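Coordinates in review
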Amino acid sequence: YFHIEYKLSVSLMHLLICYGTRPELIKLMPLINLIKETGLIKYKLVFSGQHSDLVKEEKADHIIQIHDNGSNRLDSIITSIMSQSSDIYNDITHVLVQGDTTTSLGFALSAYNRKIPIIHLEAGLRTYDLEQPYPEEGNRQLISRLTNIHLCPTENNKQNLLNEKCNGSIYVVGNTVLDNIKKYKHCITYENIVLVTLHRRENHRIIDKYFTEIEELARSNPGIKFILPIHPNPNVQKHKHILKHVNIMDPLTHSDLIDILIKCLFIITDSGGLQEEGSFLEKKIIICRE
């Protein structure tokens, strides 16, 4: 639950809640559901289309079409968001962004240019290495410089923002991704299943090496079922032929992924969200990141 002390009355707030990827939507849903239940805050949802092939269930009030400028996908996302009609900001008092995606940065910049206060959910995460993860570390540092209300998962995240002398109010509110899965805490088992996900941009150049190692693990351990819901990014897809002993699946719904997560032996992943969910559900994780 979120307690936001701000000079504007909560009942006068009109939020523009922004997202473009499935992890953003998953982490926003507990907050959106709470806002619906209370009925105190007006809101609109805007979807950037950053992951249009992974976000099927969105019910946005506004859907942005990303126009490929032919040179850089990250540029295309930013420019598509910032070139939108100002109509989507009509009557908006605050813009809410989540995490560290390029979508979040685009909407934060757009709100800043209109002097609309920014609320940042999952604020204060840091590695202080702009290459790890790329571009997320740069995105979240930039968003923090523009944000008016920082909603941090942990005290350490709050301390990062204090150390950086970030402006705005800072609150520790917990991790919303765990609100989605707390009901599964009593369902945990350990079956002969290993859940694998790999997709991060900084790993694209070595995905083939990771797949080769995972294929050897699966081949030499026939009693264990390796399951890999494969990311639609072509830089991942082009190497799937390596995985002959791995159960490759199309991207799963979040609920189907959690069904596998609660019963697997352990996880091999480069996903930040799966690290949070897996640790909460008492699963060991091999993290494929520097």
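Structure's up top.
Below is a summary of the structure that appears in this document. Position numbers for residues start from 1 in each chain and track the written sequence from start to end. The model is predicted, so local features are restricted to residues of pLDDT at least 70 and side-chain atom pairs to those at 80 or more, both for listing and for counting; the totals for chains, interfaces and linings are taken over all residues. To obtain the side-chain values, all non-hydrogen atoms of the structure were used and water was disregarded.

A look at the sheet that holds strand E12 (residues 284-287)
Read from one edge to the other, the open sheet built from 5 strands follows the order E10-E9-E8-E11-E12, with strand pairing classed as parallel. Here the strands that pair on one side only, and so sit at the sheet edges, are strand E10 (247-249) and E12. Neighbouring strand axes in the sheet, compared pairwise and without regard to direction, differ in orientation by 20 degrees on average. DSSP bridges decide pairing: two strands pair if at least two such bridges lie between them. Strands here are runs of E lasting at least two residues and helices are runs of H or I lasting at least four, both read from the DSSP assignment and numbered beginning at the N terminus. As paired elements, strand E11 (residues 266-269) and E12 share 4 bridges and run parallel to each other. Directly across from Ile268, in E12, lies its bridge partner Ile286. The contact criterion used is simple: two residues touch if any of their non-hydrogen atoms lie within 4.5 Å. Angles run from 0 to 180 degrees between N-to-C directions of axes, and those axes are lines fitted to C-alpha atoms, restricted for helices to the stretch in contact. Helix H9 (residues 254-261) rests against strand E8 (193-197), strand E9 (225-229), E10 and E11 of the sheet, and its axis sits at about 135 degrees to E8. Strands E8, E11 and E12 of the sheet are contacted by helix H10 (residues 272-280), whose axis makes an angle of about 160 degrees with E12.

Comments concerning the sheet that holds strand E3 (residues 62-63)
If you walk across this open sheet you meet the 7 strands as E3-E2-E1-E4-E5-E6-E7, and the pairing is parallel. Edge positions in the sheet fall to E3 and strand E7 (169-172), since each of these pairs with one other strand and no more. Of the strands in this sheet, strand E1 (14-19), strand E2 (42-47), strand E4 (94-98) and strand E5 (118-121) touch helix H1 (residues 22-38), which is tilted by about 160 degrees from E1. Against the sheet, helix H5 (residues 155-163) contacts strand E6 (149-152) and E7, and its axis sits at roughly 165 degrees relative to E7.

A look at the pattern of salt bridges
Note on definitions: salt bridges are taken to be side-chain nitrogens of Lys or Arg within 4 Å of carboxyl oxygens of Asp or Glu. Using the criterion set out here, one finds 9 salt bridges in the structure. The partner of Asp100 in a salt bridge is Arg140, and the shortest N-O contact between them spans 2.8 Å. Note that Asp100 is positioned in the loop between E4 and helix H3 (102-113) and Arg140 in helix H4 (residues 136-146), a separation of 40 residues in sequence. The buried label applies to any residue whose accessible area, calculated with a 1.4 Å probe on protein chains only, is under 20% of its type's maximum; exposed applies above 50%, and partly exposed to all values in between. With a relative accessible area of 16%, Asp100 lands in the buried category. The class of Arg140 is buried, set by a relative accessible area of 8%. The partner of Glu137 in a salt bridge is Arg140, with the nearest N and O atoms 2.7 Å apart. A residue pair is termed a helical-turn pair when its members lie 3 or 4 positions apart in one helix, as Glu137 and Arg140 do in helix H4 at 3 residues. Accessibility assignment for this pair places Glu137 and Arg140 in one class, buried. Through salt bridges with shared partners, a single ionic network connects Lys27, Glu122 and Glu276.

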